[in-house]
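Residue strings, one per chain:
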Amino acid sequence: MTDVFLYTGLFLCLLMVASLYRSVFGPTVLDRLIGVNAIGSKTVILLLLIGLIYERVDMFVDIALAYALLNFVAVLAASRYFQKRKGLYEEPPYK
Amino acid sequence: MIDVIVIALLICGLVFFTGGAVGILRFPDFYTRLHPAGKMDTLGSFLMVLAVALFNLHEFSWAALLTSLKILLIILFVFILNPTATHAIVDAGFRAGMRPWTKKDRGK
């Protein structure tokens, strides 16, 4: 079963790389925020799978829980910050 | 028996995560990109966390039961926090005056 969790984690890492494209090359700041949010929600699962591989799930559960809350707070704070700021666009939205 | 259920749940979760990643990459607009990011990640997290919680119980003990309950707490948090984060991002884009993608913008 360890191999199954290992390959599942590797595939999740591949998907995180795919989401990283959006957070690096996203046209606006909020697109980057979407990519970061997707990577964070995959990281929670990846932490649980790493816990199963090392057979220390009881320790890694707390880390995953704290990471989920931290990711949420980061995304919420960033979106609250950027909604008051102009200049989200590289080019003006109304043409 | 429990291994088969766990592997099936993991593969279902991976399918949903793959759909979410492809949607984030391919959709044309900020609002449409939030649609796979909000929904697919929530359901994929639910299925995969459920698989981990089930596999943790394959040797039953009270400590393992407590750990599984904590893992189910992650599901509860994800179901509350992920739609809230999606709504906050939509709200930020709407207040900043982003215009939704229409058919006129096709090809840009």
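Scoring rules and cut-offs
- Residues numbered from 1 in each chain as written.
- Chains lettered and ligands numbered in written order.
- Predicted model: local features only at pLDDT ≥ 70, side-chain atom pairs only at ≥ 80, totals over all residues.
- Contact = placed C-beta atoms within 7 Å.
- Helix = DSSP H or I, 4+ residues; strand = E, 2+ residues; numbered from the N terminus.
- Nonpolar A, V, L, I, M, F, W, Y, C, P; charged D, E, K, R; others polar.
- Expected span 1.5 Å × (residues − 1).
- Buried ≥ 20, exposed ≤ 12 C-beta atoms within 10 Å, placed from the backbone.

Trainee: Describe the interface of chain B and chain A, with residues and values.
Mentor: In this complex, chain B contributes 42 residues to the contact, which on the side of chain A involves 41 residues. Elements supplying a minimum of two residues to the side of chain B that touches chain A: α1 (2–26), α2 (30–56) and α3 (62–95) of chain B. No other element matches the 17 residues that α3(B) contributes to the side of chain B that touches chain A. Looking at side-chain class alone, the side of chain B that touches chain A contains 27 nonpolar, 8 polar and 7 charged residues.

Trainee: Any details on helix α1 (residues 2–25) of chain A? Residues and values, ideally.
Mentor: Between its terminal C-alpha atoms α1(A) stretches 35 Å, which fits the 34 Å expected from 24 residues at 1.5 Å a residue. Within α1(A) the residues assigned to the buried category are F5(A), T8(A), L12(A), L15(A), S19(A) and R22(A). In this structure, the buried residues of α1(A) make contact with α2 (29–54) of chain A together with α1 of chain B.

Trainee: Got a sec to walk through unusual backbone geometry? Specific residues and values, please.
Mentor: One non-glycine residue, E55(A), lies in positive phi territory at about 60°. Position of E55(A) among the secondary structure elements: in the loop between α2 and α3 (57–82).

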